[in-house]
Every structure is written in C-alpha cells, then in structure tokens.
Amino acid sequence: MDRLKQIETFVAVAAKGSLTAAALAEGVAPAVIGRRMDALEARLGVKLLQRTTRRISLTHEGSAFLENCQRLIADFNNAEASVSAGGVKASGHLRVTGPAGFGRRHLAPLVPSFLSRHPDVSLSLNLSDRVVDLVNEGYDCAVRVGDLPDSSLVSVRLADNRRLCVASPGYLQRAGAPAHPSELMRHQCLTLSSEASQSRGWAFSVDGEVTHLRPGGRLDCSDGQVLHEWCREGLGIAWRSTWEVQADIASGRLVSVLDDFAAPPNGIYAVFPSARHLPLRVRLWIDFLKHSYGDAGYWARAV
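What counts as what
Residues numbered from 1 in each chain as written. Predicted model: local features only at pLDDT ≥ 70, side-chain atom pairs only at ≥ 80, totals over all residues. Heavy atoms only, no water. 1 Å grid on protein atoms, 1.4 Å probe; cavity = no way out; pocket = protein on both sides within 12 Å on 5 of 7 lines; lining within 4 Å. Points joined across faces, edges and corners; volume = space filled by probe spheres on them. Helix = DSSP H or I, 4+ residues; strand = E, 2+ residues; numbered from the N terminus. Nonpolar A, V, L, I, M, F, W, Y, C, P; charged D, E, K, R; others polar. Axes fitted to C-alpha atoms, helices over the stretch in contact; angles between N-to-C directions. Parallel < 35°, antiparallel > 145°, perpendicular 65-115°, else oblique. Left-handed = near helix turned anticlockwise from the far one by under 90°. Contact = heavy atoms within 4.5 Å. Expected span 1.5 Å × (residues − 1). Buried < 20%, exposed > 50% of the residue type's maximum accessible area, 1.4 Å probe, protein only. Pairing = 2+ DSSP bridges. Salt bridge = Lys/Arg side-chain N within 4 Å of Asp/Glu carboxyl O.

S.K.: Give a description of empty space enclosed by the protein that names residues and reports values.
M.R.: Scanning all chains against the criterion turns up one cavity of 30 Å³ or more. Taken together, Arg163, Leu164, Cys165, Ala203, Phe204, Trp239, Val257, Leu258, Asp259, Phe261 and Ala262 form the lining of the largest cavity. Going through the elements one at a time, strand S7 (163-167) and strand S9 (202-206) are the ones with two or more residues in the lining of the largest cavity. For the lining of the largest cavity, the element with the highest residue contribution is S7, accounting for three residues. By residue class, the composition of the lining of the largest cavity is nine nonpolar, no polar and two charged.

Structure (structure tokens):
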C-alpha cells in the first residue's frame, strides 16, 4: 500500500474527525479508510487513533505524528508546485493576518523585501489580536504565537518563542535582581491587566516542573507594548517574549533575569487551511518568513 496515501488519509481523518467524513471527502467506502489506518498503525507499531462508536481522537503518539505528517505533505506538494506549469513564478493576491504587536515588528517590515522579490504578487496584511477565521474570512495564511489549539489548520513552525523576565539596568541597580521566581513578590512587576491574556500568570521552570506565578505591582496595562516601554523606563520587571525584547537585551537597554528558571519555549507558527494545492505565493511567503526568522542575528537586529 502507498505509504504517502496512508499518511494523507491519517491527516484527513484527524481533520474531519471520523472515518466516514474522510471517506466521503475522498469518495471511497469507510472500510477503505479503516484498512489504511490499520495498515499504518501496524507498520509503525503504535496506536494513532482512539476509536469509539461516536468519535475518533488522537493518541499522544498520534498528535505528535500529525504535525510531522502535515509538514511532509506540505513539502511534497511544494516540491511538485515548484516544477509544475506556472509554478516557477508566483503571482496573485496574498491575504495574511497576524497578532498586532508581533506583526508591527516582525511581519510588516518584511513585506517590502518579499514583494521586491515577487513583483507579480500583491499583499494585504491584517494585524489583530483577534483569532481570525482563515477559511470563512478568506485569508491565505496567519502567523500565530504561542501554543496552538487543536484544529484542522495546517501549521509550520517558524521559530521558537521564549518568555523572559527583563528589567532596565537602572531598576535593577535600585531594587536588586531576583535570584528566584518567588522573590518577584517583593518587586514592582509590570503585568497585563486581568481582561488581557496570560490568565495563568508568568511561567517558570522550577525543580523540573513548570509553575505559574501571578506577581503584582503598582502598574498594569492591557497593552503589552506599553508594558515594554514602562520596563525600558525603569518602572519594574516585565515578562516579555524574546521577539519583543531581544534587541533591547543586545543593546543593553534591558537585562534578563531569572534565566535559569525560564520555562520551555512555545512556537511562532504559520498556519493555513490546507496543504493541498497550496498556491506558490503562499509557500514562498512561509519560506521567506522561516528563512528570515532562522537567521541567527535577526532577532537582535529587529526593533
């Protein structure tokens, strides 16, 4: 049996949520889909799907395998597109969305360079902290930061996203540097207000376990960029992403603290509705972002 077909079927079942729906989309009998899944699990020697009479869910191994399968299918389709008729030169309109703060710093500045390489492509960039429905709102691609919810969207990891505690040299000279996350309770911490995100608080790795703290201070704000500016002005310690503060750390405007307790990184992802028939302009945009973010010096240079 075709190994690629088994993988494509597994991705389809995960996206549709049932063998019947995947079979209907492909125009085959559900038993055919079931045999492919049985053969794939037998070949791998692991259980990928938990099947009941009502629903199908992914096992832990299935969830890990799914992301690799989605990437494999995208790469395969991209390889074909790069040599197919009309696939050499990108054209058409590209609709992209991303978070407001990240987009201002790390999407918008890259657009002119991308368009100069592909003069037959036009681009609309929507920056919003609202999670945009790509399919119903007609977007080709979104950039999302953090842990991704389970969905039928295909994702490509562009870079790691790590959170750091940072403060200005002036603040640390006045208040001292915390040696343990518990010491944040005696510091002025610049936090997102309660109606914003980070509902679980600041994450740290302590004794091998991720723990969350909710430090406080005299100031909070619903806008992360304001917290960043207050931090640079010496008003307290902030918990910010490396994509936002790496250039400040490199220049000495900010200093990271509690690095030994940093929680594991999550990711910066490109997500799109389907890897099947992915337009060349979308593939090239994703590749361009991945190449840009993969440059070792990019994050220190970006302002």
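S.K.: I'd love a proper account of the packing of helix H9 (residues 224-232) against helix H10 (residues 242-251), names of residues and values included.
M.R.: The geometry of a pair of packed helices is captured by two quantities: the angle between their axes and the separation between those axes. One way to put it is that H9 packs onto H10 with a least axis distance of 11 Å and a crossing angle of 20 degrees. Compared by their axis directions, H9 and H10 come out roughly parallel. The way H9 lies across H10 gives a crossing that is right-handed. The residues of H10 that touch H9, namely those facing Gly224, Gln225, His228 and Arg232, are Glu244, Val245 and Asp248. Its residues placed into classes, the contact of H9 with H10 shows one nonpolar, three polar and three charged.

S.K.: Kindly report on helix H11 (residues 280-294), identifying the contributing residues and their values.
M.R.: The end-to-end C-alpha separation of H11 is 21 Å, in line with the 21 Å expected for 15 residues at 1.5 Å each. Burial analysis of H11 places 11 of its 15 residues in the buried class, the great majority of the element. Listing the buried residues of H11 in full gives Leu280, Arg281, Val282, Arg283, Leu284, Trp285, Ile286, Phe288, Leu289, Ser292 and Tyr293.

S.K.: Report on the sheet that holds strand S12 (residues 237-241), specifying residues and quantitative values.
M.R.: Spatially, S11-S8-S12-S7-S13 is the arrangement adopted by the five strands of the open sheet, whose pairing is mixed. Of all the strands in the sheet, just strand S11 (220-221) and strand S13 (255-257) have a single pairing partner and so form its edges. Here S7 pairs with S13 via three bridges, running antiparallel. Across the sheet, cysteine 165 pairs through a bridge with valine 257, a residue of S13. Sitting on the sheet, H9 touches S7, strand S8 (189-192), S11 and S12, and the angle it makes with S8 is about 175 degrees. Packed on one face of the sheet, H10 meets S7, S12 and S13 and runs near 115 degrees to S12.

S.K.: Which residues make up the pairing of strand S14 (residues 266-272), and what values do they have?
M.R.: Buried residues dominate S14, accounting for six of its seven residues. With four bridges joining them, strand S5 (residues 141-145) and S14 adopt antiparallel strand pairing. By the bridge assignment, valine 143 is partnered in S14 with alanine 270.

S.K.: Could you give an account of unusual backbone geometry, naming the residues involved and the relevant values?
M.R.: Phi is positive for aspartate 207, close to 55 degrees, though the residue is something other than glycine. With respect to the helices, strands and loops of the structure, aspartate 207 is situated in the loop between S9 and strand S10 (209-213). Look at leucine 258: it is not a glycine, yet its phi comes out positive at around 60 degrees. Take leucine 258: it is sitting in the loop between S13 and S14.

S.K.: Any details on the environment of glycine 176? Residues and values, ideally.
M.R.: Topologically, glycine 176 is positioned in the loop between helix H8 (169-175) and S8. For glycine 176, a relative accessible area of 25% corresponds to the partly exposed category. With 55 residues separating them along the chain, glycine 176 and cysteine 231 place their C-alpha atoms 15 Å apart. In this structure glycine 176 touches Tyr171 and His187, once residues within four positions along its chain are discounted.

S.K.: Describe in detail the environment of alanine 23, supporting the description with residues and values.
M.R.: Within the fold, alanine 23 resides in helix H2 (residues 19-26). Residue alanine 23 is classed as buried on the basis of its relative accessible area, which comes to 1%. Taking the C-alpha atoms as reference, alanine 23 lies 16 Å from leucine 49; in sequence the two are 26 residues apart. Leaving out residues up to four positions away in the same chain, alanine 23 has contacts with Val28, Ala29, Pro30 and Ile33.

S.K.: I'd like a description of the pattern of salt bridges, backed by residues and values.
M.R.: Between side chains of opposite charge, a pair can form when the charged atoms approach closely. Tallied over the full model, the rule gives 12 salt bridges. Between arginine 240 and glutamate 244 there is a salt bridge, with its nearest N and O atoms 2.8 Å apart. Classification of arginine 240 as buried rests on a relative accessible area of 8%. The partner of aspartate 248 in a salt bridge is arginine 253, and the shortest N-O contact between them spans 2.5 Å. By relative accessible area, aspartate 248 is classed as buried at 2%. Three or more residues joined by partner-sharing salt bridges are found here, namely Lys5, Glu8, Glu26 and Arg36.

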